[in-house]
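# Chains, contacts and geometry: an overview
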Amino acid sequence: MTHGISPNLALDQHVARRRSKGESIVHLGFGESRLPAFPPLAQRLAAGAHRISYGPVAGDPDARAAVAGYFDRRNLPTDPEQVVLAPGSKPLLLALQLALPGDLLLPRPAWNTYAPQARIAGKKIFETPIPQDVGGVPDPEGLLDTIRSARRAGHDPRILLITLPDNPTGTVAPPEVIGRLAAIAREEDLHIISDEIYRDLVFDPGTVVLSPAEVAPERTTVTTGLSKNLALGGWRIGAARFPSGPAGERIRAEATGLASEIWSSLAGPMQEVAAYAFAEPSEVVLRLAASARLHGTVAQHVYESLAGAGILCRRPTAGFYLYPDLQPMAGVLRRRGITDAASLQQQLIDEFGVAVLSGAALGDDPAALRFRIATSQLYGDTVEQQQLALEANDPLALRHVAQSLARIEESFTRLCG
Ligand SMILES: Cc1ncc(COP(=O)(O)O)c(C=O)c1O
């Protein structure tokens, strides 16, 4: 088995190379939240410099207790024993796929790392279409069909991986869908991995987010982290909440054993940051709210631009992604030489200087004219610009933000005109 660089990371490096040669590119291809480091976090990091020991594999007690409190406040009563911290949620997601028996059921499209991790874990992947209005979850009836046909063919689908809120569609699956999926998981004896790394970035605080861990607690493991909500991707802080009870303990023990052979523990200074951030003192709560507000304002503006250009897209309600569908414009695009997701991605960057990630990289049909937009790098290139965007009453009125948004609108209008 060979592994190339993950397509989103490869695209990010490609954009950096082209920019270094002087090209002007609006980078919508990489889901990094480009916001300044929150000063209290940097202070905690410095204070944690003395933590030079390896520490316990699952995490230091103060960090695990803070993560347990974070879940408690989200309707998921949690004992610190159920928590494992790691350098990012990515390795935890891999450890889970290695620890859990059976094959993988995956919504289509889905974040581009799940499928390669399943292959590393030696699993078969059964993709199943997402509903019309939201992503991150399979359409429940489609899921049942997929399970039945996989079993008829002699396979053993046992893991359902969902993303709540979702990357790439920027949507939150409603409680009814989660309830139905939890019921199917019980009937079909599936374990649910619920990737909730975007949970704190829901635009409307009134949106109800129902984790499957609330309705099927005995069979759901939740992953989260600080990469997205606090824009700390490079600090690599992730956490998982395993089910309580003997089955959950077995999975946790297996995942912790794998962790001990791969990453040993979360870096000591990061344990200090995690203990502070997951405890959510009031200044962190305010910071999370300001970030969600900014992401929402910009993503929703881009949605309006797409809609104005006649492009089909689910309305984003969380995170910082959109997943436009240009399939209805296939005729117009064919005349431009665009015939599939790859040529669409290529022409957007070559002709318009707009970098997006093709749907094919997310497991979607390579022939479908769909791609993912990440709006999280539109807040400016300097820390000053990003801080202004975060604090502005109307970030859309800031010159540097408005310029990028105007270019996006113009590019899509011309592409589809
Ligand atoms: C859905 C999803 N899950 C997990 C991750 C990985 O996050 P981490 O930085 O915690 O490894 C990402 C990052 O892009 C993501 O989009």
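Not measured: the values here are computed from a predicted model.

Each domain of the chain was delimited in the assignment, giving domain 1 (7-30 + 283-416) and domain 2 (47-279). Computed from C-alpha coordinates alone, the two centres of domain 1 and domain 2 are separated by 26 Å. With 31 residues of domain 1 at the contact, the number on the domain 2 side is 31 residues. Summed over both sides, the interface between domain 1 and domain 2 buries roughly 2400 Å², with carbon and sulfur atoms accounting for 59% of that surface. Considering only the side of domain 1, the residues that lose the most area to domain 2 are L288, R314 and Y321, jointly responsible for 26% of the buried surface there. Between domain 1 and domain 2 we count zero salt bridges in total. Every element with two or more residues in the side of domain 1 that touches domain 2 is listed here: helix 1 (7-20), helix 11 (282-308) and strand 9 (321-322). Among the elements that take part in the side of domain 1 that touches domain 2, helix 11 stands out by supplying 10 residues, more than any other. Partitioned by chemical class, the residues of the side of domain 1 that touches domain 2 number 16 nonpolar, eight polar and seven charged.

Quick look at the site of the ligand now. Near the ligand there are 13 residues, and of these S89, D195, Y198, S227 and R236 occur at the shortest range. The contact in question runs from a nitrogen atom of the ligand to an N or O atom on the side chain of D195, over 2.6 Å. S227 is positioned such that a nitrogen or oxygen atom in its side chain is 2.6 Å from an oxygen atom of the ligand. Across the complex, the protein chains shield 94% of the 400 Å² of accessible surface that the ligand would expose by itself. Its residues assigned to classes, the shell around the ligand shows four nonpolar, five polar and four charged.

With that settled, consider the sheet that holds strand 9. In space, the three strands of this open sheet follow the order 9-12-11, with antiparallel pairing throughout. Sheet topology places strand 9 and strand 11 (357-358) at the edges, where each strand pairs with a single neighbour. Where strand 11 lies against strand 12 (residues 371-374), two bridges are found, and the strand directions are antiparallel. Looking at strand 12, one finds that L357 is bridged to R372.

This part is about the side chain of T169. Within the secondary structure, T169 sits in the loop between strand 5 (157-163) and helix 7 (175-188). Of the polar contacts made by the side chain of T169, one reaches the backbone nitrogen of G135; its length is 3.4 Å. Polar side-chain contacts of T169 include one of 2.7 Å to the side chain of T171. Contacts of T169, omitting those with residues within four sequence positions, involve I130, V134, G135, G136, R314, P316, Y321, L322 and Y323.

What follows concerns the state of the cysteines. One pass over the structure, following the stated rule, counts zero disulfides. Between C313, a free cysteine, and C416, which holds the nearest cysteine sulfur, the sulfur-to-sulfur gap is 12 Å. Classification of C416 by relative accessible area gives buried; the value is 13%.

Evaluation of the coordinates by the stated rule reveals seven aromatic pairs. Measuring from centroid to centroid gives 5.2 Å for W111 and Y114, while their planes differ by 85°, and the two rings are edge-to-face. Accessibility expressed as a relative area gives 0% for Y114, which makes it buried. Their ring planes at 85° and their centres at 5.6 Å tell us that Y198 and F320 sit as a pair that is edge-to-face. On the criterion of sequence distance, the pair formed by Y198 in the loop between strand 6 (191-195) and helix 8 (212-215) and F320 in the loop between helix 11 and strand 9 is long-range, its members being 122 residues apart.

Let's shift gears to the pattern of salt bridges. Under the defined criterion, the tally for this structure stands at 26 salt bridges. For the salt bridge of E127 with R108, the shortest nitrogen-to-oxygen distance reads 3.3 Å. Pair noted here: E127 is in strand 4 (residues 125-129) and R108 is in strand 3 (residues 103-108), with a separation of 19 residues, a long-range link. In this structure E127 comes out as partly exposed when scored by relative accessible area, which is 34%. Given the relative accessible area of 31%, R108 is considered partly exposed. Notably, a salt bridge pairs E188 with R148, separated by 3.7 Å at the nearest N-O pair.

Moving on, we get to the environment of L85. Tracing the backbone shows L85 in strand 2 (residues 83-86). Sequence separation between L85 and A392 is 307 residues, and the spatial gap between their C-alpha atoms is 34 Å. Apart from residues lying up to four places away in sequence, L85 is in contact with V57, A58, G59, A63, R64, V67, G238, A239, W263, L266, A274 and F278.

Here the focus is the environment of T256. One can find T256 in helix 9 (residues 246-262). With a relative accessible area of 17%, T256 lands in the buried category. As for T256 and V84, which are separated by 172 residues in sequence, their C-alpha atoms are 7.5 Å apart. For T256, the residues in contact, after removing those within four places along its chain, are V57, A58 and V84.

As a packed pair, helix 13 (residues 341-352) and helix 15 (residues 399-416) sit with axes 11 Å apart at the nearest point and diverge in direction by 120°. The angle between helix 13 and helix 15 places the two elements in the oblique class. Handedness of the crossing formed by helix 13 with helix 15: right-handed. On the side of helix 13, the interface is formed by L344, L348 and F352, while helix 15 contributes R407, S411, F412, R414 and L415. The residue inventory of the contact of helix 13 with helix 15, partitioned by class, reads five nonpolar, one polar and two charged.

Cut-offs used in this document
Residues numbered from 1 in each chain as written. Predicted model: local features only at pLDDT ≥ 70, side-chain atom pairs only at ≥ 80, totals over all residues. Heavy atoms only, no water. Domains from an automatic or database assignment. Contact = heavy atoms within 4.5 Å. Buried area = accessible area lost by both parts, 1.4 Å probe. Salt bridge = Lys/Arg side-chain N within 4 Å of Asp/Glu carboxyl O. Helix = DSSP H or I, 4+ residues; strand = E, 2+ residues; numbered from the N terminus. Nonpolar A, V, L, I, M, F, W, Y, C, P; charged D, E, K, R; others polar. Near = heavy atom within 4 Å. Polar contact = N/O pair within 3.5 Å; in protein donor to acceptor, adjacent residues only side chain to side chain. Areas by Shrake-Rupley, 256 points an atom, 1.4 Å probe, with all protein chains shown as cover. Pairing = 2+ DSSP bridges. Disulfide = S-S within 2.5 Å. Buried < 20%, exposed > 50% of the residue type's maximum accessible area, 1.4 Å probe, protein only. Phe/Tyr/Trp six-rings, centres within 6.5 Å; stacked < 30°, edge-to-face > 60°. Axes fitted to C-alpha atoms, helices over the stretch in contact; angles between N-to-C directions. Parallel < 35°, antiparallel > 145°, perpendicular 65-115°, else oblique. Left-handed = near helix turned anticlockwise from the far one by under 90°.

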